[in-house]
Amino acid sequence: MAGNVNHDYHILEPDIWPFIGSMSALAFTSGMILWLNPDVFGNSGWVVMGLGLAGLLATFFMWFKNVVVEAERGDHTPVVQLHMRYGMILFIASEVMFFVGWFWSFFDFALFPEPLVVTAAGTAEQVTENLFLTDTSATGASLVPEGMEVLDAFSLPLLNTLILLCSGTTVTWAHHSLIHGDREGLKQGLWATIALGVLFSAIQAYEYSIAPFNFGQNTYSSAFYMATGFHGFHVLIGTIFLGVCLYRTYIGHFTSRQHFGFEAAAWYWHFVDVVWLFLFIAIYIWGGWGAPVH
C-alpha cells in the first residue's frame, strides 16, 4: 500500500542525461570561445565544440525519448500535461524575446543611423560606411551605402510568406483531424506541413545564393542574415519536430485526449509563422523601401 500512487503528479526517476546535457552545453560554449580565438588556443576549439555538440544531440534524443515513453505508459496525467503546456508557453516566450533582440538591433540601426559630417573639402561623408537603407533627412544620414541593391520583397520573400501561411493551415488541419479521431487526415496534414517547410527552406537557401550582398558587408546585411538565418534555423527545427510527430503517428501514438507532443509542435510552428510575418514586413518591405532592387 505504501507504494501506491495517490496523487496526479509524475515523480521522475533518477537520470544521467540532465548532467550529460549540462556538461555538453559547457563544452559546446567553451569550444566556441576556443574556436573564435585560434591565435591563442590553436585548432582545439573544433574538437571541444564538436564533442559538446555531439553530447547535446545525444541528450536531446535520449531525453525526449524518455518523455515519449512516459507519455505512452500513462505518466502524463491531465495535471502533468497542464504543467507541460505552461513550460512550452514559457519556452516560446523566451524565443519571442530572442527575436525581439534582432528586431531591436535592426530598428536601432535604421532609426538612429550615424550622422553625416562635412569634411575640410566641403563634402559630406558618413562617419561609418556600414549603414542601412532609406534616407533619413531628419538626421542627415543615409541608411544604405550608395548603389547597394536589396532583394525584391514581392518576389521570393512573398512566395515564402504564402508557403508558411499555407503550412499554418495544414498543421491546423492535422490538429483538427487528431482531435476528431481522423488518423488519415492527421497524416496528410503533417505530410503537407513538412513538405511546405522543406520547400520554404529550399527557397530561403536559393535566395541567399543570389543575394546581392554578403554577411558582414554592412549593418543591414548583417542584421538581415542574422534575423532571417535564425528564423530559417527555427523552421528547420520545427520541420524535424513535425517529422517526429509524423513517425509517432505511424506507430500509433497520440489520442484525441492525450497528444501534447503534437500540440507543442503545432504551437512552435505557428510561432515560426508569426515571426516570419514580422520579418517580411519589417526587413523586406519597410527595410528595403526606396532602395534599388536586385
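Residues numbered from 1 in each chain as written. Predicted model: local features only at pLDDT ≥ 70, side-chain atom pairs only at ≥ 80, totals over all residues. Heavy atoms only, no water.

## Considerations on the overall build of the protein
Then comes step 1: Regarding its fold elements, the protein presents eight helices and four strands.
Then comes step 2: Reading the protein from its N end, one meets helices and strands in the order α-α-α-α-β-β-β-β-α-α-α-α.
Then comes step 3: Contacts in the protein between residues at least 24 apart in sequence constitute 72% of all its contacts with a sequence separation of at least 6.
Then comes step 4: For the protein, the accessible area works out to roughly 16600 Å², and carbon and sulfur atoms hold 70% of it. (Helix = DSSP H or I, 4+ residues; strand = E, 2+ residues; numbered from the N terminus. Contact = heavy atoms within 4.5 Å. Areas by Shrake-Rupley, 256 points an atom, 1.4 Å probe, with all protein chains shown as cover.)

## Here's the deal with the environment of alanine 25
Then comes step 1: With respect to the helices and strands, the residue alanine 25 is situated in helix α1 (residues 17–36).
Then comes step 2: Between the alpha carbons of alanine 25 and leucine 56 there is a distance of 6.6 Å; along the sequence they are 31 residues apart.

## A closer look at the confidence of the model for the protein
Then comes step 1: Overall, the prediction assigns the protein a mean pLDDT of 85, with 86% of residues at 70 or greater.
Then comes step 2: Per-residue pLDDT stays below 50 along residues 122–142; that stretch engages in 65 contacts with residues further than four places along the chain or on separate chains. (pLDDT = per-residue confidence, 0-100.)

## Observations concerning the side chain of glutamate 70
Then comes step 1: In this structure, glutamate 70 sits in helix α3 (residues 44–72).
Then comes step 2: For the buried glutamate 70, which has no salt bridge, the nearest side chain bearing the opposite charge is arginine 73, at an N-O separation of 4.9 Å.
Then comes step 3: Residues contacting glutamate 70, with those up to four places away along its chain left out, are His10, Leu12, Asp75 and His76. (Buried < 20%, exposed > 50% of the residue type's maximum accessible area, 1.4 Å probe, protein only. Lys, Arg positive; Asp, Glu negative; His and termini not counted. Salt bridge = Lys/Arg side-chain N within 4 Å of Asp/Glu carboxyl O.)

## Topic: the nonpolar core
Then comes step 1: Membership of the largest hydrophobic core comes to 50 residues, with the highest contact counts inside it found for Leu190, Tyr220, Phe224 and Phe262.
Then comes step 2: For this core, the secondary structure elements donating two or more residues are α4 (78–111), α5 (156–179), α6 (183–210), α7 (219–250) and α8 (260–286).
Then comes step 3: If we skip the residues at most four places from it in the chain, phenylalanine 262 touches Val171, Ala174, His175, Leu178, Leu186, Leu190, Cys245 and Phe254. (Core = buried A, V, L, I, M, F, W, Y, C linked by side-chain atoms within 4.5 Å.)

## Some remarks on the packing of aromatic side chains
Then comes step 1: Throughout the structure, instances matching the rule amount to 28 aromatic pairs.
Then comes step 2: Measuring from ring centre to ring centre gives 5.4 Å for tryptophan 35 and tryptophan 46, while their planes differ by 65 degrees; the resulting arrangement is edge-to-face. Of this pair, tryptophan 35 sits in helix α1 while tryptophan 46 sits in helix α3, placing them 11 residues apart in sequence.
Then comes step 3: Tryptophan 35 gets classed as partly exposed once you look at its relative accessible area, which sits at 36%.
Then comes step 4: For the pair phenylalanine 107 and tryptophan 286, a centre-to-centre distance of 5.4 Å together with 45 degrees between the ring planes defines the contact as tilted. Here the residue phenylalanine 107 occupies a position in helix α4, and tryptophan 286 occupies one in helix α8, the gap between them amounting to 179 residues.
Then comes step 5: The exposure class of phenylalanine 107 is partly exposed, given its relative accessible area of 32%.
Then comes step 6: Tryptophan 286 sits in the partly exposed class, given a relative accessible area of 38%. (Phe/Tyr/Trp six-rings, centres within 6.5 Å; stacked < 30°, edge-to-face > 60°.)

## A look at the pattern of salt bridges
Then comes step 1: The final tally for this structure, using the stated rule, is five salt bridges.
Then comes step 2: Across the pair glutamate 13 and arginine 73 runs a salt bridge whose closest N-O atoms are separated by 2.9 Å. Taken together, the positions of glutamate 13 in the segment before α1 and arginine 73 in the loop between α3 and α4 put the pair 60 residues apart, joining distant regions of the chain.
Then comes step 3: The exposure class assigned to arginine 73 is partly exposed, which follows from its relative accessible area of 46%.

## A word on the packing of α4 against α8
Two measures define how a pair of helices packs: the angle their axes make with one another and the distance between the axes.
Then comes step 1: Running from amino to carboxyl end, α4 crosses α8 at an angle of 10 degrees, the nearest separation of the two axes being 11 Å. Looking at the two axes, α4 sits roughly parallel to α8.
Then comes step 2: Along the lines of polarity and charge, the residues of the contact of α4 with α8 split into 23 nonpolar, no polar and three charged. (Axes fitted to C-alpha atoms, helices over the stretch in contact; angles between N-to-C directions. Parallel < 35°, antiparallel > 145°, perpendicular 65-115°, else oblique. Nonpolar A, V, L, I, M, F, W, Y, C, P; charged D, E, K, R; others polar.)

## Notes on the packing of α6 against α8
Then comes step 1: In contact at an axis separation of 13 Å, α6 and α8 are set at 30 degrees when each is read in the N-to-C sense. Both α6 and α8 take part in a crossing whose hand is left-handed. Contact residues: α6 offers Leu186, Leu190, Thr193, Gly197, Phe200, Gln204 and Glu207, while α8 offers Phe262, Trp269, Trp276 and Tyr284.
Then comes step 2: Classifying every residue of the contact of α6 with α8 gives seven nonpolar, three polar and one charged. (Left-handed = near helix turned anticlockwise from the far one by under 90°.)

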